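Here's the letter readout for the chains.
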Amino acid sequence: MYVANRASDKITQLTDNVYVCRSGSAADSQVVSDYVRYFLHQHTIQLGQPATVKVAANLVRSLSYNNKDMLQTGLIVGGWDKYEGGKIYGIPLGGTIIEQPFTIGGSGSSYLYGFFDQAWKEGMTKEEAEQLVVKAVSLAIARDGASGGVVRTVIINSEGVTRNFYPGDTLPLWHEELEPQNSLLDILNTSSPEPMNM
Amino acid sequence: MSYMDSKMSQHGLIGSESDSQRTLYPYVTGTSVVALKYKDGILMAADMGGSYGSTLRYKTVERMKPIGKHSLLGASGEISDFQEILRYLDELILYDNMWDDGNSFGPKEVHNYLTRVMYNRRNKFNPLWNSLVLGGVKNGQKYLGMVSMIGVNFEDNHVATGFGNHLARPILRDEWHENLSFEDGVKLLEKCMRVLLYRDRSAVNKLQIAKITEEGVTISPPYSLKTFWGFSAFHNPTVGAEGSW
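What you see is a predicted model; the values in this text were computed from it and never measured.

Reading the values: rules and limits
- Residues numbered from 1 in each chain as written.
- Chains lettered and ligands numbered in written order.
- Predicted model: local features only at pLDDT ≥ 70, side-chain atom pairs only at ≥ 80, totals over all residues.
- Heavy atoms only, no water.
- Helix = DSSP H or I, 4+ residues; strand = E, 2+ residues; numbered from the N terminus.
- Buried < 20%, exposed > 50% of the residue type's maximum accessible area, 1.4 Å probe, protein only.
- Areas by Shrake-Rupley, 256 points an atom, 1.4 Å probe, with all protein chains shown as cover.
- Lys, Arg positive; Asp, Glu negative; His and termini not counted.
- Charge placed at Lys NZ, Arg CZ, Asp CG, Glu CD.
- Contact = heavy atoms within 4.5 Å.
- Buried area = accessible area lost by both parts, 1.4 Å probe.
- Salt bridge = Lys/Arg side-chain N within 4 Å of Asp/Glu carboxyl O.
- Polar contact = N/O pair within 3.5 Å; in protein donor to acceptor, adjacent residues only side chain to side chain.
- Patch = residues over 30% accessible without salt bridge, like charges linked within 9 Å, V, L, I, M, F, W, Y side chains within 5 Å.
- Pairing = 2+ DSSP bridges.
- Axes fitted to C-alpha atoms, helices over the stretch in contact; angles between N-to-C directions.

Where do I start with the overall build of chain A in this structure?
When helices and strands are tallied, chain A shows five helices and seven strands. The secondary structure elements of chain A, listed N-terminal to C-terminal, are β-β-α-α-β-β-β-α-α-β-β-α. Seen through its principal axes, chain A has C-alpha atoms that stretch 75 × 40 × 30 Å. The proportion of buried residues among the 198 residues of chain A is 36%. Carbon and sulfur atoms make up 54% of the accessible area of chain A, which totals about 12100 Å². Taking the average location of the 15 positive side-chain charges in chain A and that of its 21 negative ones, the two points are 8 Å from each other.

Here is the structure:
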């Protein structure tokens, strides 16, 4: 299967304080994001203050549910608002909405259920949480053919939004993965000048 | 166009009206709901699982919700459809309250409304993929009914959905009687839920039991049941026939 984009950005902004993680059909998730961004823009003007994460999530749910026979996209809406603080809403296929302290999605997530069951803890710091998600995505990349390339993170809190970028070659190596080299020649030149054992 | 239709069109971003709708398939599903009448009202139990095919995806899904002052709705099947039904019922109760006439919808009325909704959707080949259990007490009258996704509805002293029909109802047929105490009712439901936990692949060991009486609805906090695996026959089942299971 051809890799159309090896560095895509699947974390999309809906408002200053709310982002959505897209999975499944890229086209479907993009069009849903575009509609919700448009609705939220109007809503913010009418409301006179930033939209809440719950409102954003319910708009996504509404589109997902009412077009369930056409859409193939699982979405995660996350953000921060002054009423409820940080919140995460999972919106899988079908349009169910479920608020969770953490959530996973996409094809690579199959390999992460056990990892998160064990590794997620209540009350992690910002740094611990970021390390956890980077580790998780890198584990998914190791086993899921549909995952790869780079890891992107977005941190949203009362202070604002921070985007981070981890190129694929900076991620930890897992089982049966080898340290990348420039060339075989470098390996041969650093070992003793004896013939290779074949 | 009715108010509800226009709202639905708005977020359905309406396709051509001539599109023929067809029966869909469920994605995130809840398993059995079991309920029975007891001395003071209705007891209902459901686990908190939301399965995604064979994956036990979500383990804290509330599948029972109070409706108005007098009713309790439990659902199995597609969770997104259950969430939509709750929105319909919210609107129904709101409009009922706006009459401000001192009257309020009891379980019979809510059950009838749900039956009509489910049956009409079935007729359009676009069902809400749920089996609903509706229980309540109004003016001393206990009510316990069920509606399926094809609009079949009935009332009984004890009901169950899904696997509960096959595993729980036989237990209830044997052991249910008129005027059960709260404690006996809970123990009976827990007996049913434990069997479902052993024998239903989609069951999850985190459940809630809800009670509805004339006073109102109480839904217990989530809890887990102990299970028993200490049968001697379980220790070495293949010792007399190696290779068997």
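From this point, things continue past the structure.
I would appreciate a short explanation of the interface of chain B and chain A in the present structure.
A common way to state how big an interface is: give the accessible area lost once the parts meet. Counting residues at the interface gives 23 residues for chain B, matched by 23 residues for chain A. Taken together, the two surfaces of chain B and chain A that pack against each other cover about 2100 Å², and 51% of this comes from carbon and sulfur. Inspection of the chain B/chain A interface yields two salt bridges. The shortest N-O distance in the salt bridge between R61(A) and E84(B) comes to 3.1 Å. Linking chain B to chain A there are ten residue pairs in polar contact (both at pLDDT 80 or more).

Quick question: what am I supposed to make of unusual backbone geometry here?
Leaving glycine out, the prevailing phi sign among residues is negative, and the prevailing peptide bond configuration is trans. Residues and elements named next belong to chain B. Even without being glycine, D100 reaches a positive phi, approximately 50°. A positive phi angle is found at F125, which is not glycine, with a value near 60°. Residue position: F125 is located in the loop between α3 (107–123) and β8 (130–138). Overall, the relative accessible area of 55% leaves F125 in the exposed class.

Please explain the side chain of S23(A) as it appears in this structure.
Residue and element names in this part refer to chain A. Mapped onto the elements, S23 comes out in strand β2 (residues 18–24). A polar contact of 2.8 Å, which involves the side chain of S23, links it to the backbone oxygen of G74. If we ignore the near neighbours within four places in the chain, the residues touching S23 are S29, Q72, T73, G74 and G106.

Which parts of the structure should I look at to understand the side chain of T153(A)?
Tracing the chain through its elements places T153(A) in strand β6 (residues 150–157). When neighbours within four sequence positions are excluded, T153(A) is seen to be in contact with I11(A), E130(A), V133(A), V134(A), T162(A), R163(A), N164(A) and Y166(A).

What should I look at first to understand a nonpolar patch on the surface in this one?
Residue and element names in this part refer to chain B. A cluster of nonpolar side chains, contributed by Y198, F228, W229, F231 and F234, occupies part of the molecular surface with about 570 Å² of accessible area. With respect to the helices and strands, the residue W229 is situated in the loop between β13 (216–219) and α6 (232–235). Since its relative accessible area comes to 54%, W229 is described here as exposed.

Just to check I follow, could you spell out the sheet that holds strand β1 (residues 11–15) of chain A for this structure?
The pairing of strands in a sheet happens through backbone hydrogen bonds and is either parallel or antiparallel. Residues and elements named next belong to chain A. What the five strands build is an open sheet, ordered β1-β2-β3-β4-β5; its pairing is antiparallel. At either margin of the open sheet sits one strand with a lone partner, and together these are β1 and β5 (98–99). Across the sheet, helix α2 (residues 53–66) touches β1, β2, β3 (73–81) and β4 (85–91), and the angle it forms with β3 is around 165°.

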